[in-house]
Amino acid sequence: MSLVLPVPAGASVLVTRPGPRVAETVHALAAQGVRPVVRPDATTSDAVHAQLRDLAARGLLTLDPQADADGADVVVRDPHGPVADGTPESTEPPARVGRVTLVGGGPGDPGLLTVAGLAAVERADVLVCDRLAPLAALERARPDAEVVHVGKIPRGAFTPQEAIDALLVDRAARGLDVVRLKGGDSFVFGRGGEEWNACVRHGIPVTVVPGVTSAVAAPALAGIPVTHRALTQGFVVVSGHVGPGDPRSAVDWGALARSGLTLVVLMGNATLGETAAELVRHGMSPDTPAACVAEGSLPGQRTVRATLAGLAEAALAAGVGPPAVTVVGAVVDALEQRP
Ligand code: SAH
């Protein structure tokens, strides 16, 4: 059921009264090619302000507290109700044991959610969603479904993993059909394994619907194949969350530099310069083709191509920030450019 009506092509849209689920509204509009103006007001909470700033920084909306309704073709009062407070009304003992489905939602465009993933979203009693999940797909959720956003805004509020695990177990133990909707694939830096283990330890049936990982999809959407015959015989996906100089880093960057494989780095924006320097120090050519693909599949998708040595600066200059995937290797230049 769509809460956000189809908007005429080319119309300017103003969203008023943004609530705790405004990200769903904004993503539903983005899926229609619309970047709305959102007008916060005195009723807007700090948590919603933080979400709005994050969505604005990602190019999904324009914030304007002074926006005039007369200036917009369509005015949408944010249609989603408040987030449930987490206390189901009934204290009846569970009639059945529910289940948890870990759904990999793909890189963000709802079109890249699998058919099985969408079916799970449509039948769910409870949806527990990440910030980078395809939130526009929630338009297809049941109107009475409980939706809980647990996504972490960088440097902002987040729900600790233990609390997410507990929420999944609690709702399923009440007999509910729970979908954990994530970005990309749940088992690629998605903490899906931790949630799986929490369910199994509590006797909750758990299944996984694999997703289209951004590690492959974001490069593909930018015209970069992660393998290409005669150029590379494989690819490595690695987290750049902690840089090579960090004592917590367990990655052998020297081995990667010598591997001859395409390197795909996730969560690596902040450590990009450091990582490139480390690869060069271990013998990788500073001229190796490299690219950063941000917001893959979403309206703000952007690509920056440079040499390995120049990528961090080029990304900074172009304002390309997270979420982004970095690709290093000859594959970056493998495809003929379309006219
Ligand atoms: N499970 C996810 C990855 C989670 S880690 C997957 O399989 O895709 C989060 C990182 O994924 C981000 O920091 C970024 O590196 C990458 N990412 C997720 N969505 C992205 C997108 N739409 N475009 C580019 N990178 C993305």
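Everything quoted here is computed from the prediction, not taken from an experiment. (Residues numbered from 1 in each chain as written. Predicted model: local features only at pLDDT ≥ 70, side-chain atom pairs only at ≥ 80, totals over all residues. Heavy atoms only, no water.)

Undergrad: A description of the overall build of the chain should follow, citing residues and the corresponding values.
TA: Regarding its fold elements, the chain presents 9 helices and 14 strands. For 339 residues, the compact-globule estimate of 2.2 N^0.38 gives 20 Å, and the chain sits close to it at 21 Å. When the backbone C-alpha atoms are referred to their principal axes, the chain occupies close to 65 × 55 × 35 Å. A buried classification covers 49% of the 339 residues belonging to the chain. (Helix = DSSP H or I, 4+ residues; strand = E, 2+ residues; numbered from the N terminus. Rg over C-alpha atoms; globule rule 2.2 N^0.38 Å. Buried < 20%, exposed > 50% of the residue type's maximum accessible area, 1.4 Å probe, protein only.)

Undergrad: Would you mind going over the site of the ligand in detail, with residue names and values included?
TA: Close contacts around the ligand come from 18 residues, with V188, T213, S214, G296 and A324 the closest. In the model, a nitrogen atom of the ligand is placed 2.7 Å from a nitrogen or oxygen of the G296 main chain. Computed on the free molecule, the ligand has an accessible area of 540 Å², of which 91% lies beneath the protein chains in the complex. Broken down by class, the residue content of the shell around the ligand amounts to 11 nonpolar, 5 polar and 2 charged. Of the domains in this structure, domain 2 (99-212) and domain 3 (215-333) are the two that each give at least three residues to the shell around the ligand. (Near = heavy atom within 4 Å. Polar contact = N/O pair within 3.5 Å; in protein donor to acceptor, adjacent residues only side chain to side chain. Areas by Shrake-Rupley, 256 points an atom, 1.4 Å probe, with all protein chains shown as cover. Nonpolar A, V, L, I, M, F, W, Y, C, P; charged D, E, K, R; others polar. Domains from an automatic or database assignment.)

Undergrad: Report on the environment of R58, specifying residues and quantitative values.
TA: Structurally, R58 is set in the loop between α2 (46-57) and β3 (62-63). On a C-alpha basis, the gap between R58 and V320 in space is 9.8 Å, while along the polypeptide they are 262 residues apart. Setting aside residues no more than four positions away along its own chain, R58 makes contact with R131, L132, E295, L298 and P323. A polar side-chain atom of R58 sits 2.9 Å from a polar atom in the side chain of E295. (Contact = heavy atoms within 4.5 Å.)

Undergrad: Give me the domain arrangement of the chain: which residues, what numbers.
TA: Considered domain by domain, the chain is made up of domain 1 (13-77), domain 2 (99-212) and domain 3 (215-333). The straight-line distance from the C-alpha centre of domain 1 to that of domain 2 is 24 Å. Listed per partner, the contact involves 11 residues of domain 1 and 11 residues of domain 2. Roughly 890 Å² is buried in total at the junction of domain 1 and domain 2, and carbon and sulfur atoms are behind 62% of that figure. For the pair domain 1 and domain 2, the number of links is 1 salt bridge. The shortest N-O distance in the salt bridge between R131 and D54 comes to 2.8 Å. Residue assignment for the side of domain 1 that touches domain 2 shows that the elements contributing at least two residues are α1 (22-30) and α2. (Buried area = accessible area lost by both parts, 1.4 Å probe. Salt bridge = Lys/Arg side-chain N within 4 Å of Asp/Glu carboxyl O.)

Undergrad: Tell me about α2, residues and numbers included.
TA: Here α2 spans 16 Å end to end across 12 residues, near enough to the 16 Å set by a 1.5 Å rise per residue. Buried within α2 are the following residues: V48, Q51, L52, D54 and L55. Buried residues of α2, viewed axially, fall in a sector of 160°; they line one side. Exposed residues pointing more than 90 degrees away from the buried face of α2 are listed as D46, R53 and A57. (Expected span 1.5 Å × (residues − 1). Arc of directions from axis to C-beta.)

Undergrad: Any details on unusual backbone geometry? Residues and values, ideally.
TA: At the junction of P322 and P323, the peptide bond is cis and its omega measures out at 0° in the coordinates. In this model, M267 sits at a positive phi of 55°, which is unusual for a non-glycine residue. Within the secondary structure, M267 is located in the loop between β11 (262-266) and α8 (272-281). You can call M267 partly exposed: its relative accessible area is 42%.

Undergrad: Got a sec to walk through the pairing of strand β14 (residues 324-328)? Specific residues and values, please.
TA: Here β14 lies mainly inside the structure; 5 of its 5 residues are buried. Judged by which residues are buried, β14 turns out to be covered on both faces: A324, T326 and V328 on one side and V325 and V327 on the other are all buried. Sheet topology note: the β11/β14 ladder contains 4 bridges and is antiparallel. Each bridged residue has a counterpart across the sheet, and for L266 the counterpart in β14 is V325. With 5 bridges connecting them, strand β12 (residues 289-294) and β14 associate as antiparallel partners. Bridge pairing in β14 links V293 to V325. (Pairing = 2+ DSSP bridges.)

Undergrad: So, the sheet that holds β12: which residues are in play, and what are the values?
TA: The 5 strands are arranged β10-β11-β14-β12-β13 in an open sheet whose pairing can be described as mixed. Unpaired on one side and paired on the other, β10 (235-239) and β13 (302-307) mark the two borders of the sheet. Within this sheet the neighbouring strands show an average axis-to-axis angle of 20°, counted without direction. Across the face of the sheet, helix α6 (residues 214-221) comes into contact with β10, β11, β12 and β14 while running at roughly 80° to β14. (Axes fitted to C-alpha atoms, helices over the stretch in contact; angles between N-to-C directions.)

Undergrad: Provide a residue-level description of the nonpolar core, including the pertinent values.
TA: In this structure, L127 and L181 are the most contacted members of the largest nonpolar core, which totals 36 residues. Counting residues per element, the ones that place at least two in this core are β1 (13-16), α1, α2, α3 (115-123), β6 (126-129) and β8 (177-182). Split by domain, this core shows at least three residues from each of two domains, domain 1 (13-77) and domain 2 (99-212). Setting aside residues up to four positions removed in sequence, L127 forms contacts with V121, L138, A141, A145, E146, V147, V148 and V179. A257, A276, L308 and V320 belong to the second largest nonpolar core, which has 20 residues in total. (Core = buried A, V, L, I, M, F, W, Y, C linked by side-chain atoms within 4.5 Å.)

Undergrad: Explain α1 to me, and be specific about the residues and the numbers.
TA: Residues spaced three or four apart along an α-helix face the same direction, because each turn holds 3.6 residues. Counting buried positions along α1 gives 9 out of 9 residues, so the element sits mostly inside the fold. When we look at burial in α1, the residues that qualify are V22, A23, E24, T25, V26, H27, A28, L29 and A30. Considering only its buried residues, α1 is in contact with β1, β2 (37-39), α2 and β7 (146-149).

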